[in-house]
Amino acid sequence: RKSSSGLTLVMTVGNPFRSDDGAGTYLASIIKTSPRLALINAGETPENTIDEAVRLKPAKIIIIDAAVFGGEPGETRVIDEKHIPETTISTHSIPLKFIFEILSKDTRAEIKFIGIQAKTVAFGEYICPEVRSAAHEIADILNS
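Residues numbered from 1 in each chain as written. Predicted model: local features only at pLDDT ≥ 70, side-chain atom pairs only at ≥ 80, totals over all residues. Heavy atoms only, no water.

1. Some thoughts on the packing of aromatic side chains
Applying the stated rule across the entire model yields zero aromatic pairs. The ring of Phe 123 has Arg 18 sitting right over it, with the charged end atom 4.8 Å from the ring centre. The aromatic ring of Tyr 26 is capped on one face by Arg 132, whose charged end is 4.5 Å from the ring centroid. (Phe/Tyr/Trp six-rings, centres within 6.5 Å; stacked < 30°, edge-to-face > 60°. Lys NZ or Arg CZ within 6 Å of the ring centre and 35° of its normal.)

Quick look at the structure:
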């Protein structure tokens, strides 16, 4: 049964020590939660946040992570579920496709995956200006 909560859950994913892969963690730091918007910063282990996500009974889930899809750095795309394994950066111990499938089954929420094109995922804590700007654009939309 679908949730009637009207709650949207934003789940950010990423490794803040792998340059632009830290976009999700950075984004989590600038999103404002509200009664209709919940946030889980899943970091490198989104599998550890599944139970929390299910308990929230969201109507919608937006998963946001750095991705490599051949776009310009900072470009954002809604990525179709069937393309998630080919486009996400594999710094996570369990593929995001599995996370997507588990959340879909256990919450029956509408789920969207948003990828932010990374410039680099080399070791370091620096997020390039294009990816940082994309994070701010997404936060502005979610915060309004």
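Here the narrative resumes.
2. Let's talk about the nonpolar core
Ranked by internal contacts, the top residues of the largest apolar core, which has 22 residues, are Leu 9, Met 11, Ile 61, Ile 63, Leu 103 and Phe 113. Elements with a contribution of two residues or more to this core: strand 1 (8–13), strand 2 (37–43), helix 2 (50–56), strand 3 (60–67), helix 4 (96–107) and strand 5 (110–117). A per-element tally of this core places helix 4 first, with four residues. Ile 63 has contacts with Met 11, Val 13, Phe 100, Leu 103, Ile 111, Lys 112, Phe 113 and Ile 114, leaving out every residue within four places of it along the chain. By size, the runner-up hydrophobic cluster in this structure holds 18 residues, among which are Ile 64, Ile 116, Ala 134 and Ile 138. (Core = buried A, V, L, I, M, F, W, Y, C linked by side-chain atoms within 4.5 Å. Buried < 20%, exposed > 50% of the residue type's maximum accessible area, 1.4 Å probe, protein only. Helix = DSSP H or I, 4+ residues; strand = E, 2+ residues; numbered from the N terminus. Contact = heavy atoms within 4.5 Å.)

3. Here's the deal with the sheet that holds strand 1
Taken in spatial order, the five strands line up as 2-1-3-5-4 in an open sheet, and their pairing is mixed. Pairing within the sheet leaves two strands with one partner each, and these edge strands are strand 2 and strand 4 (76–78). Along the sheet, successive strands turn relative to each other by an average axial angle of 20°, direction set aside. Both strand 4 and strand 5 contribute to a ladder of three bridges, which runs antiparallel. Of the residues in strand 5, the one forming a bridge with Thr 76 is Ile 116. Helix-sheet contacts for helix 5 (residues 129–143) involve strand 1, strand 2, strand 3, strand 4 and strand 5, and the interaxial angle to strand 5 is about 150°. (Pairing = 2+ DSSP bridges. Axes fitted to C-alpha atoms, helices over the stretch in contact; angles between N-to-C directions.)

Nothing here speaks to function; it is geometry throughout.
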